[in-house]
Amino acid sequence: MTIKAIQEELVEEFAMFDDWMQRYEYMIDLGKSLPLIEEQNKTDDRVIKGCQSKVWLDAELKGDKMVFSADSDAIITKGIIAILIRTFNNQTPTAILNSNTDFIDQIGLKEHLSATRANGLTSMIKKLKLYATAYQAKLNS
Amino acid sequence: MFDVTAIRKDFPILSRKVNGRPLVYLDNAATSQKPKQVIDSIVDYYSNYNANIHRGVHALSQEATDAYEASRKKIQTHFSIAKPHEVIFTSGTTHGINIVAHGFSSLLSANDEIIVSQLEHHSNIVPWQMLCKATGAVLKVIPMNQEGGLDMDAYQELLCSKTKLVFVNHISNTLGTINPIEFMTQKAHQVGAAILIDGAQSCSHIRPDLVALDCDFYVTSAHKMCGPTGIGMLYGKEAWLEKLPPFQGGGEMIDQVTFEQTTYAGLPHKFEAGTPNVCGGIAFGAAIDYLNAIGFDAIAAHEATLLEYATKKLLAIDGLKIYGTTKEKTSVISFNIEGIHPYDIGTIVDKLGVAVRTGQHCTQPIMDFFNISGTVRASFAFYNTIQEIDIFVAAVEKAKMMLS
C-alpha cells in the first residue's frame, strides 16, 4: 500500500466515530499496537526532545524500506506515534520524504500540531523525516 | 460583599467556550485573565492619549506621562513602598531579576555566596548560575522537604559572612507553598546579606507590606494580577538601587552624554532605558485598582474555600496524589494519578473545556526531588467557582476512566 492509501484508510477508520472521545479511545487502542523500541535503544539520541512526555523513535533499513519502532511514557502520545508509524512503515525513504501529513487534520487531531505541544506531531514528523533523509543518503551512496 | 457571579461578568473571556464547552480556566498561576476595566484602560490609552512620555511638551505627552507616573504611585501605595522612585518598571519578573543579578556582578568576588531555594522556577536559577560563572561566586541551595516546604534549619546553616544575596520566591509556582519570607529576611540581614523576593506567584493572592517586610528587592509581573503581559516591577531599597550599575544603556536613562563620557539619570530612570511600555504601565495601575476594589481579604477567603473544596474532592479519587501539602499554601494543586502520565490527563480535560497546566512547570529540581516527570497543576483565582471545580473534578475522573 502507498502512504496515501494508508492515510485514506485511517481517515475512513476515524470517520466511523461520532465524537472526540471515541476517536481518542481508538487512538489509545492504536497505541497498544505500536512496534516498541528495544529497551536498550532508548538512548538520548533517539529521544524526541520536549518537556511534556518522552518519546523515543528508532528506524532501520530492511532492503530499501524503512522500519520504525518507538515508545512513549504517555499513552495519547503513543497513539499519535503509532498512527504516524503505520503510514510510514515499510516505505522507501524517498516515498516518506515526498509524502505529506495533511490527513492528521482530517482525522480530527489538528490540536496536536499546535506549537505549544512541545512533543507534538510536528517534532515527531521532523524526526521521522530526518531518519528518511539519512537512509536515503545511505541508499544513494 | 464578595459576589463571584458579578465579578465573572467583568471578565469577557470567562464566557467563551472551548471545544464546545464553557471554559473552566484553572491555569491562573501561569497567567491571570483580564477584567474589562483593565482592557478598557488599554483601549482608552491608545484611543485618546497615546504619546511618548517624559519628553514632549505637548498635551498628549503630558497626559500620558501623568497617567504612567500615577501608576507608579499606585504600585508604591499597593506594595507599601517608601518612595515612588524605588519602583522600577520592568518587562516582568525575569527582567527585574536580571537587573539585580547584573548589578551584583560588579559587587561580588570569588568565593562569595548566593543562596537560592530548591523551589525556584528555572528563570530564578539561571541568572544566578550565570552570575556565579562570571564572578566566581558559589551558588548554595536551600533544600525542600516532602511537604514541599523549605528546610529552615538548613537555610540558617547555609547563611554565613560569605553570603551576599539570598533569593527566594514568596510562593512556589508548582506547589503553592508560601515561604516564610519575614523570617528569611531577618536571618539574611543578620549576616549582612541582601534578600530578593520573587512575588510573581504571590501578588495575586497576598498584598505585601514591603517596608515592614524590610526585604532589599522584590520583583513581580502585572500579568499574574489581572494586568497585561510585558510589564512588571522591581522594588529596590533606594540605597541598593543607587549602588547597582544600570542594566541597559539607552535613551531615558542618561543625564549628560558626550562621546567621552555619559552620566546616568537618577532613579528610577537609571533602570528604565528606552521608550517604556507606557500602555502596560497604565494598565498595571488599572489592575491594582481593580483588585483593591474587590479587596485582598475577600480574595484570600474565597480562594481558601476553593482550595479546601478542590483538595477534598480530588483526594477522593483513587490513586491521586497531591504534591505540596504544607499548611501555608495558596490555591494551587499539583497532582498525579498513579500509572497515568500528566500530559494524557491534561489533554483529555482540555477536550472537556478545562484549562490546566501539565509538565514540569519550569521547576525541574522539584520534579527530580519527587522523582516524577511532571504533574497536572490546577491553580484557582478569585473568579473561579465551586461549580467549576465540580466540572474539573468530573473531567479528571473521566480522563482517569479513559486512560487506565
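Remember, it's a predicted structure, so these values are computed and weren't measured experimentally.

## Overview of the domain arrangement of chain B
All names here are of chain B.
(1) Moving on: Partitioning chain B into structural domains gives domain 1 (4–27 + 295–403) and domain 2 (51–293).
(2) Moving on: Its C-alpha centre places domain 1 at a distance of 29 Å from the equivalent point of domain 2.
(3) Moving on: Between domain 1 and domain 2, the residue contacts involve 30 residues of the former and 31 residues of the latter.
(4) Moving on: Both sides together, the interface formed by domain 1 and domain 2 hides about 2,500 Å², and carbon and sulfur atoms give 61% of it.
(5) Moving on: Of all residues in domain 1, Phe-296, Thr-330 and Phe-369 give up the largest surface area on contact with domain 2, accounting jointly for 26% of the area buried on that side.
(6) Moving on: Across the contact surface, domain 1 and domain 2 share zero salt bridges.
(7) Moving on: Taken together, the links from domain 1 to domain 2 amount to 14 residue pairs in polar contact (both at pLDDT 80 or more).
(8) Moving on: When contributions to the side of domain 1 that touches domain 2 are tallied by element, the ones reaching two or more residues are α11 (296–315), β14 (332–337) and α13 (364–370).

## So, the pairing of strand β6 (residues 138–142) of chain B
Residue and element names in this part refer to chain B.
(1) Moving on: Pairing of strand β5 (residues 113–117) with β6 involves five bridges; the strand directions are parallel. Looking at β6, one finds that Ile-115 is bridged to Lys-140.
(2) Moving on: Crossover handedness for the path β5 to helix α5 (residues 126–135) to β6: right-handed.

## So, the sheet that holds strand β7 (residues 163–169) of chain B
Residues and elements named next belong to chain B.
(1) Moving on: One open sheet accounts for seven strands, arranged β4-β10-β9-β8-β7-β5-β6; its pairing is mixed. Edge strands, defined here as strands with exactly one partner in the open sheet, are β4 (87–90) and β6. Ignoring strand direction, the axes of neighbouring strands in this sheet form an average angle of 20°.
(2) Moving on: With four bridges joining them, β5 and β7 adopt parallel strand pairing. By the bridge assignment, Val-116 is partnered in β7 with Phe-167.
(3) Moving on: Helix α3 (residues 59–78) rests against β4 and β10 (232–236) of the sheet, and its axis sits at about 120° to β4.

## Examining the layout of surface pockets
All names here are of chain B.
(1) Moving on: Reported here for the second largest pocket is a volume of approximately 340 Å³.
(2) Moving on: For the lining of the second largest pocket, the leading source of residues is helix α4 (residues 93–104), giving three residues.
(3) Moving on: Looking at the lining of the second largest pocket, you find at least three residues from each of domain 1 (4–27 + 295–403) and domain 2 (51–293).

## Re the side chain of A:Glu13
Residue and element names in this part refer to chain A.
(1) Moving on: Checked against the element boundaries, Glu-13 lands in helix α1 (residues 3–15).
(2) Moving on: Only 2.5 Å separates the side chain of Glu-13 from the side chain of Arg-86, close enough to count as a polar contact.
(3) Moving on: Setting aside chain neighbours within four positions, we find Glu-13 in contact with Tyr-26 and Arg-86.

## Considerations on the packing of helix α2 (residues 20–32) of chain A against helix α3 (residues 75–88) of chain A
Residues and elements named next belong to chain A.
(1) Moving on: Between α2 and α3, the shortest axis-to-axis distance is 7 Å and the interhelical angle comes to 70°. Between α2 and α3, the crossing angle belongs to the class labelled roughly perpendicular. For the pair formed by α2 and α3, the contact residues are Tyr-24, Tyr-26, Met-27, Ile-28, Leu-30 and Gly-31 on the first element and Ile-75, Ile-76, Lys-78, Gly-79, Ile-80, Ala-82, Ile-83 and Arg-86 on the second.
(2) Moving on: Its residues assigned to classes, the contact of α2 with α3 shows 10 nonpolar, two polar and two charged.

Conventions adopted
Residues numbered from 1 in each chain as written. Chains lettered and ligands numbered in written order. Predicted model: local features only at pLDDT ≥ 70, side-chain atom pairs only at ≥ 80, totals over all residues. Heavy atoms only, no water. Domains from an automatic or database assignment. Contact = heavy atoms within 4.5 Å. Buried area = accessible area lost by both parts, 1.4 Å probe. Salt bridge = Lys/Arg side-chain N within 4 Å of Asp/Glu carboxyl O. Polar contact = N/O pair within 3.5 Å; in protein donor to acceptor, adjacent residues only side chain to side chain. Helix = DSSP H or I, 4+ residues; strand = E, 2+ residues; numbered from the N terminus. Pairing = 2+ DSSP bridges. Right-handed = clockwise from strand over helix to strand, strands pointing away. Axes fitted to C-alpha atoms, helices over the stretch in contact; angles between N-to-C directions. 1 Å grid on protein atoms, 1.4 Å probe; cavity = no way out; pocket = protein on both sides within 12 Å on 5 of 7 lines; lining within 4 Å. Points joined across faces, edges and corners; volume = space filled by probe spheres on them. Parallel < 35°, antiparallel > 145°, perpendicular 65-115°, else oblique. Nonpolar A, V, L, I, M, F, W, Y, C, P; charged D, E, K, R; others polar.

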